[in-house]
Amino acid sequence: MKPYLIFALIFSPVIAFAQIFNPQEIKRAETQAKMVTIIRDNWGVPHIYGKTDAATVFGLMYTQCEDNFKGIERNYLYQLGRQTEADGENSLYTDVQLQLIADSVDAIKDYKASAPWFKKLMDAFADGINYYLYKHPEVKPKVFKRFEPWYALMFTDGSVAATETGGIKLSETQNFYNGGSEKLGALINKPTPVYDMVNERETGSNGFAIAPSKSASGHALLYINPHVPFYFRSEVELVSDEGLHTYGAVTWGQFFIYQGFNQHCGWMHTSSYADVGDLYAEKVSKKDGKWYYEYDGSLRPVTTRKLVLSIKKGDQLEQRSITGYYTHHGPVLGSRDGKWLALKANNRSYNALLESWLITKANTLAEYKKAMELVSNTSNSTVYADDKGNIIFWYGNYIPKRNPAFNWSLPVDGSTPATEWQGIHALKDIITDMNPATGWIQNCNSTPYTASGTSSPDKNKYPVYMAPDGENYRAITAIKLLKDADHITLDGLIAKGYDHYLAAFDDLLPPLFKAYDNAPDSIKKSLAEPIALLKQWDKRSAANSVASTLAIEWGTLMMKTMPPPQTDQQSTFITQRVKKLSQTDGVQQLQFLADVLKNLQSRFGRWKIQWGDVNRYQRPADGITFDDALPSIPVGATGSGFGQLPSFQSRTVNTQKRYGYSGNSFIAAIEFGPRIKARSIMTGGQSFDPSSKNFTDQAQGFIDGKFKDVLFYKSDVLKHAQKTYHPGD
């Protein structure tokens, strides 16, 4: 059996881009532009002042376009499932999956029914982008002629690829919907890895909160450290006469501060592994040419929806229609063991966008909690601090109620009402760590049950699905740094966030040394010097360290032998999985070290090479092409998979040296006193123009952990202003 697919192939020329705006839209945008003043400081950071919240949103979107319109368009091509219009066939099944999951028709309905004040923000979002395109006809978008206000309702979360799929693999969606190769009932014998320890998921982040009892100033502190692809977000300040005053990181194409702070409180979102979406195994059959699925002792018809995709083929677009299948649980994304898999999730909702906006305007803990009580954020945990001295950690936000007797990390039986969700947990019922006695909170994408040491939440009080994740080495490092710390200053917190200790090697190296001690003399002689360097190493990566090079390159090979996890949740038990690597054959471990020596000798003419000579920061003019012959900066950090708090993911890309591409991005440390005191740093710089002084002016500070002062108050902004203008000037 296989599902019916409809392919309608209609070829049409790729239409050259031409902005289409009517006089009424232009006049409206020009009026809005006069209500906005943008001040770029000496770092290129835009401080946007508007008479209304909507005017400020208009200015924000305009400045985002100035800095990186390509990033905005790319994000919406993804969210709307329209990447094939720019990239062709390679993106087809990603687009199919996204169109199945989020229906633009629903977003349009939400927009039309939205509260008038919120609709103004979405209108301003679109107007700001469209006005930029109108004023810059030289900009040639790949696809979008104009942006619509409802687009914002398709991208309601600032996380990296936050779409919840319940653990389905893209290959499973492709096999199901490709029109020919689906074999219903085929077993999946080799699970696709869902987590790569070496190239750590780009959703990793660190959030720390320090209570007044532990800070030198007697004020609460917050540390914001997301790990994402470099240049994924911008730094910005938003101020309006309607009470908005917030500072932080904005994901390209969104109109709210994703991670940041205002005059009274701050929030750091870390990716959560709370189970927020589930796959239902549906028993299907075909009758009179139509599909049915079993539910509660009867047959229900499978519903369908036509997906229309335009696929770039040279200078033409191929229109393709695919029939998407749905049960009452949600879209069918694939099949296993003879059953179709339908996804139940909350990937797109009006309340999710509303919540994201409202927290930025919360001036008290009560107001912040009221926003969070919408419980619509599906992918984030929150580390919070405020000017009243509160520090709080909420693990997740949107969490469905379920029967805990089932294993929700795997597909559940879709034929019985027993597996139906039973509503959504209220905010007061989710895992919360409020003002712990230890005086500190850490979350590094690991279990919340160690978030504040001995004051951590009690695991026995919550169902397993609320926090099915395990521990990682970043969390172990953070706990070690915070548990005995006292009188922490803002600079001291930054220093802790930049600690280079690699806790994974506490478990990885002893078995290697044991294997060496038991090895034949011939092997001992050939590896004596590198083993000696590793035994003397303090397990902190450094630019001038040869041992760092050996350990990281060897550890990378070791991690590649780790068996792939069966589920997303299983992938989070990093410490347990790494400890099992100690069982790796000793001869193999030593061979990996020999392979590292050989590889380094081949690449650099010597194996004894410092990590900073291997590991580099470079910002290519085109954003893509790294070049060993061009200037670059040595970097002592490495990826956070080995337990290092700052993250600098690097790799060779047709080069001998490794170049950073992901990890630390916008980072900030904030002190919530009578006046906000904050410092921040960005990857490289604010500008995307290689000729700008702001292209790499923050690079060395980013590498060394030397942050710039945040200019939060207008009087300070004016002292450092390099350009003041209205949108369109």
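Scroll up to find the structure.
Residues numbered from 1 in each chain as written. Predicted model: local features only at pLDDT ≥ 70, side-chain atom pairs only at ≥ 80, totals over all residues. Heavy atoms only, no water.

All right, on to the overall build of the protein chain then. A tally of helices and strands in the protein chain yields 19 helices and 30 strands. Taken against the 2.2 N^0.38 rule, which gives 27 Å for 729 residues, the C-alpha radius of gyration of the protein chain at 26 Å falls within 12% of a compact globule. Seen through its principal axes, the protein chain has C-alpha atoms that stretch 75 × 70 × 55 Å. Relative to its 729 residues, the protein chain shows a buried fraction of 60%. When contacts within the protein chain are restricted to residue pairs at least 6 apart in sequence, those whose partners lie at least 24 apart make up 71%. Accessible area of the protein chain: about 28600 Å², with a carbon and sulfur share of 51%. (Helix = DSSP H or I, 4+ residues; strand = E, 2+ residues; numbered from the N terminus. Rg over C-alpha atoms; globule rule 2.2 N^0.38 Å. Buried < 20%, exposed > 50% of the residue type's maximum accessible area, 1.4 Å probe, protein only. Contact = heavy atoms within 4.5 Å. Areas by Shrake-Rupley, 256 points an atom, 1.4 Å probe, with all protein chains shown as cover.)

Another point: the sheet that holds strand 11 (residues 284-287). The strand order 11-12-13 describes an open sheet built from three strands, whose pairing is antiparallel. In this open sheet, the two edge strands, each paired with only one partner strand, are strand 11 and strand 13 (298-301). Across this sheet, the average inter-strand angle for adjacent strands is 45°, counted without regard to direction. Sheet analysis places strand 12 (residues 290-295) next to strand 13, joined by four bridges and oriented antiparallel. Bridge pairing in strand 13 places Tyr292 opposite Pro301. (Pairing = 2+ DSSP bridges. Axes fitted to C-alpha atoms, helices over the stretch in contact; angles between N-to-C directions.)

All right, on to the sheet that holds strand 3 (residues 46-50) then. Taken in spatial order, the 10 strands make up an open sheet running 21-19-18-9-8-7-6-3-2-30, and their pairing is mixed. Two strands close off the open sheet at either side, each with one partner strand: strand 21 (432-434) and strand 30 (721-725). Taken over all neighbouring pairs, the strand axes of this sheet differ in orientation by 15° on average, direction set aside. Strand direction decides the pairing type here: strand 6 (residues 233-240) and strand 7 (residues 245-251), joined by seven bridges, are antiparallel.

Packed helices, taken two at a time, are described by the angle their axes make and the gap between the axes. Across the interface, helix 4 (residues 92-101) lies against helix 7 (residues 170-177) with an axial gap of 9 Å and an inter-helix angle of 90°. Judged on the interaxial angle alone, helix 7 and helix 4 are roughly perpendicular. Residue-level inspection shows Tyr93, Thr94, Val96, Gln97 and Leu100 of helix 4 in contact with helix 7, the latter providing Leu170, Thr173, Gln174 and Tyr177. Of the residues assigned to the contact of helix 4 with helix 7, the class counts are five nonpolar, four polar and no charged. (Parallel < 35°, antiparallel > 145°, perpendicular 65-115°, else oblique. Nonpolar A, V, L, I, M, F, W, Y, C, P; charged D, E, K, R; others polar.)

Quick look at the pattern of salt bridges now. This structure, assessed with the given rule, holds 30 salt bridges. Here Glu66 and Arg40 are joined by a salt bridge, their closest N and O atoms 3.0 Å apart. Within this pair, whereas Glu66 is found in helix 2 (residues 53-79), its partner Arg40 is found in strand 2 (residues 36-41), the two being separated by 26 residues in sequence. Taking the relative accessible area as the measure of exposure, Glu66 reaches 28% and is therefore partly exposed. Of the charged contacts in the structure, one is a salt bridge between Glu553 and Arg658, with a shortest N-O distance of 3.2 Å. Linking Glu553 in helix 14 (residues 546-559) with Arg658 in strand 26 (residues 658-664), this pair joins segments that are 105 residues apart in sequence. Overall, Glu553 belongs to the buried group, its relative accessible area being 11%. Note on Arg658: relative accessible area 12%, which makes it buried. Among the ionic contacts, a cluster of salt bridges with common partners joins Glu89, Lys313, Glu318 and Arg320. (Salt bridge = Lys/Arg side-chain N within 4 Å of Asp/Glu carboxyl O.)

This brings us to unusual backbone geometry. Positive phi, close to 50°, is recorded for Asp337, a residue that is not glycine. Among the secondary structure elements, Asp337 is positioned in the loop between strand 16 (330-336) and strand 17 (339-344). A residue is classified by how much of its surface remains accessible, and Asp337, at 51% relative accessible area, is exposed.

Let's shift gears to the pairing of strand 8 (residues 259-262). Covered by surrounding structure in strand 8 are Gln259 and Phe261 together with Gly260 and Asn262, the residues of both alternating faces. Relative to strand 8, strand 7 runs antiparallel, the two sharing four bridges. Looking at strand 8, one finds that Ala249 is bridged to Gln259. For strand 8 and strand 9 (residues 265-271), the ladder comprises two bridges, and the chain directions are antiparallel.

This part takes up the pairing of strand 17. Judged from the five bridges that link them, strand 10 (residues 278-282) and strand 17 form a sheet pairing that is antiparallel. Directly across from Tyr280, in strand 17, lies its bridge partner Ala342. One ladder, built from four bridges, connects strand 16 with strand 17; its direction is antiparallel. For Ser335, the partnering residue across the bridge sits in strand 17 and is Trp340. Where strand 16 folds back on strand 17, the antiparallel hairpin that results is connected by two residues, among which Asp337 adopts a positive phi of roughly 50°.

What the rule picks out here adds up to 47 aromatic pairs. Here Tyr384 and Trp394 contribute two aromatic rings whose centre-to-centre distance is 5.8 Å and whose plane-to-plane angle is 65°, an arrangement assigned as edge-to-face. Here Trp394 lies in strand 19 (residues 391-394) and Tyr384 lies in strand 18 (residues 380-386), a separation of 10 residues in the sequence. Taken as a pair, Tyr384 and Trp394 share a single burial class, namely buried. (Phe/Tyr/Trp six-rings, centres within 6.5 Å; stacked < 30°, edge-to-face > 60°.)

This paragraph deals with the nonpolar core. Ranked by size, the top nonpolar core spans 113 residues in total, and within it Phe125 and Phe255 carry the most contacts. Ranked by residues supplied to this core, first place goes to helix 2 with 12 residues. When residues no more than four places from it in sequence are discounted, the contact partners of Phe125 are Val57, Met61, Tyr76, Glu148, Pro149, Tyr151, Ala152, Gly253 and Phe255. Of all hydrophobic cores here, the second largest spans 41 residues; its members include Leu502, Ile552, Trp607 and Trp611. (Core = buried A, V, L, I, M, F, W, Y, C linked by side-chain atoms within 4.5 Å.)

Let us look at helix 9 (residues 365-372). Every buried residue of helix 9 is accounted for by Leu365, Tyr368, Ala371 and Met372. The buried residues of helix 9 occupy an angular sector of 125° when projected down its axis, which confines them to one face. Those residues of helix 9 that are exposed and aimed more than 90 degrees away from the buried face are Ala366 and Lys370. (Arc of directions from axis to C-beta.)

Function cannot be inferred from these measures alone, as they are strictly geometric.
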